[in-house]
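# What the coordinates show
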Amino acid sequence: MRLKLRITLLLALCALPETQLLAQEQTVKNSIGMEFVLIKPGSMVVGRYQPTVSAYVAPKPNQEGHTRKMLPPSAYKEAQRMAAADARPGFKVKIDRPYYIGKFEVTQAQWEKVMGSNPSFYQGDKVAGDAKKHPVENVTWEDAQAFVKKLNQMDKKNVYRLPTEFEWEYAARAGADDDIPWPEARAMGVISDTTTRPVGFKEPNAWGIYDMIGNVWEWVEDYYNEKIFADPVPPRKGKLHVLKGASFTGDAKNATYMTHAAGPGNGFDVGFRVVMEARP
């Protein structure tokens, strides 16, 4: 009886449309080898900034009787005032629908399969290791959109697009409430380097996504709002588009998912990753 039940269940699963089976998978790979991670709905606070300032502590003489010079108490009070003025409470963003986001940045090999060329600066004998596994770079926002358009033409079973800024940040945070700690940024991000590295060169975030910090800046769908932080409602038009995540040329200041920048950037350190729509 149990065997019959199992066979019936297996046949029922096999009879399900591909769309229903796909929606249950945590990771998927498309026909050209691009891997995607399922991101489930949830919420986060965006743009929260709470700078801290050390309190004044009166210096004490050392064993030799010398007292270390310090700024006066008034300087600490002024710093606290400035920090309070710059603090931001942030705003809540709700991700209503599931989506798949690229497990890695789009590689040079994947770009070549879709577009038939390679615009990257760091390719061939210019970099150590397998250049085709390095992220594609030296691409504009329009180039990224052209890739997405052609990818949709090649793979009609799925729908691809650039992530919105909030989708990108939600996936990058991987459930974290605060900014990324510096030790984690160093472990996960290709930063303060001289070249791009193969995708997946460093550790993934908590949701198994690689290079959300460092390697190359990543284009997203949204227009830039001319501010350091995003607005609750992204602008509907603008001159530039948003870049997220910093690049291999960045340092600790850039190793964050809280703020954003705008393109075109340096070119040679700008790439992207793709979102694949989750099916019902």
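Quick summary incoming for the structure in this document. (Residues numbered from 1 in each chain as written. Predicted model: local features only at pLDDT ≥ 70, side-chain atom pairs only at ≥ 80, totals over all residues. Heavy atoms only, no water.)

## Points about the sheet that holds strand β8 (residues 241-244)
This is how the line gets drawn: Strands qualify as paired when DSSP identifies two bridges or more between them. Helix and strand assignments come from DSSP, with helices taken as H or I runs of at least 4 residues and strands as E runs of at least 2, each series counted from the N terminus. Throughout, a residue-residue contact means that at least one pair of heavy atoms, one from each residue, lies within 4.5 Å. Axes here mean lines fitted to C-alpha atoms, for a helix over just the part in contact, with angles spanning 0 to 180 degrees between N-to-C directions.
A sheet is described by the order of its strands in space; here 4 strands give the open sequence β9-β8-β7-β10, paired in mixed fashion. The outermost strands of the open sheet, each flanked by one partner alone, are β9 (261-262) and β10 (270-272). Sheet analysis places β8 next to β9, joined by 2 bridges and oriented antiparallel. When the sheet's bridge partners are listed, V242 is paired in β9 with A262. Set on the sheet, helix α5 (residues 141-154) makes contact with β7 (217-223), β8 and β10; between it and β7 the angle comes to about 85°.

## A few points about the packing of helix α4 (residues 108-115) against α5
Threshold: A clockwise turn of the near helix away from the far one marks a right-handed crossing, whereas an anticlockwise turn of less than a right angle marks a left-handed crossing. Any residue that is not Ala, Val, Leu, Ile, Met, Phe, Trp, Tyr, Cys, Pro, Asp, Glu, Lys or Arg is counted as polar, Gly included; the first ten are nonpolar and the last four charged.
Packing of α4 against α5 brings their axes to within 9 Å, and their N-to-C directions diverge by 65°. Pair α4 / α5 crosses with left-handed handedness. Between α4 and α5, the residues in contact are Q110, W111, K113, V114 and M115 and D143, A146, F147, K150, L151 and M154, respectively. Classifying every residue of the contact of α4 with α5 by side-chain character gives 7 nonpolar, 1 polar and 3 charged.

## Re the layout of surface pockets
The probe, sized like a water molecule, is rolled over the atoms to show the empty space still left. The cut-off we apply is this: Grid points spaced at 1 Å over the protein atoms alone were grouped into cavities, where a 1.4 Å probe fits but cannot get out, and pockets, open sets with protein on both sides within 12 Å along at least five of seven lines, with lining residues defined by an atom within 4 Å of a point. Grid points are joined across faces, edges and corners, and a volume is the space filled by probe spheres set on the points.
Roughly 290 Å³ of internal volume is contained in the largest pocket. What lines the largest pocket is a set of 18 residues, and nearest its centre among them are I228, K253, N254, T256 and T259. Of the residues assigned to the lining of the largest pocket, the class counts are 10 nonpolar, 5 polar and 3 charged.

## Details of the pairing of strand β2 (residues 35-39)
Operational definition: Buried means the residue's accessible area, taken with a 1.4 Å probe over protein chains only, is under 20% of the maximum for its type, while exposed means over 50%, and partly exposed covers the values in between.
Burial runs high along β2: 4 of the 5 residues are buried. With 3 bridges connecting them, strand β1 (residues 27-29) and β2 associate as antiparallel partners. Each residue of the ladder has a partner; that of V28, found in β2, is F36. Here β1 hands over to β2 after 5 residues, with G33 in that stretch at a positive phi of 90°. Here 4 bridges tie β2 to strand β5 (residues 99-102), and the two strands are oriented antiparallel to one another. Paired with I39 across the strands is Y99, a residue of β5.

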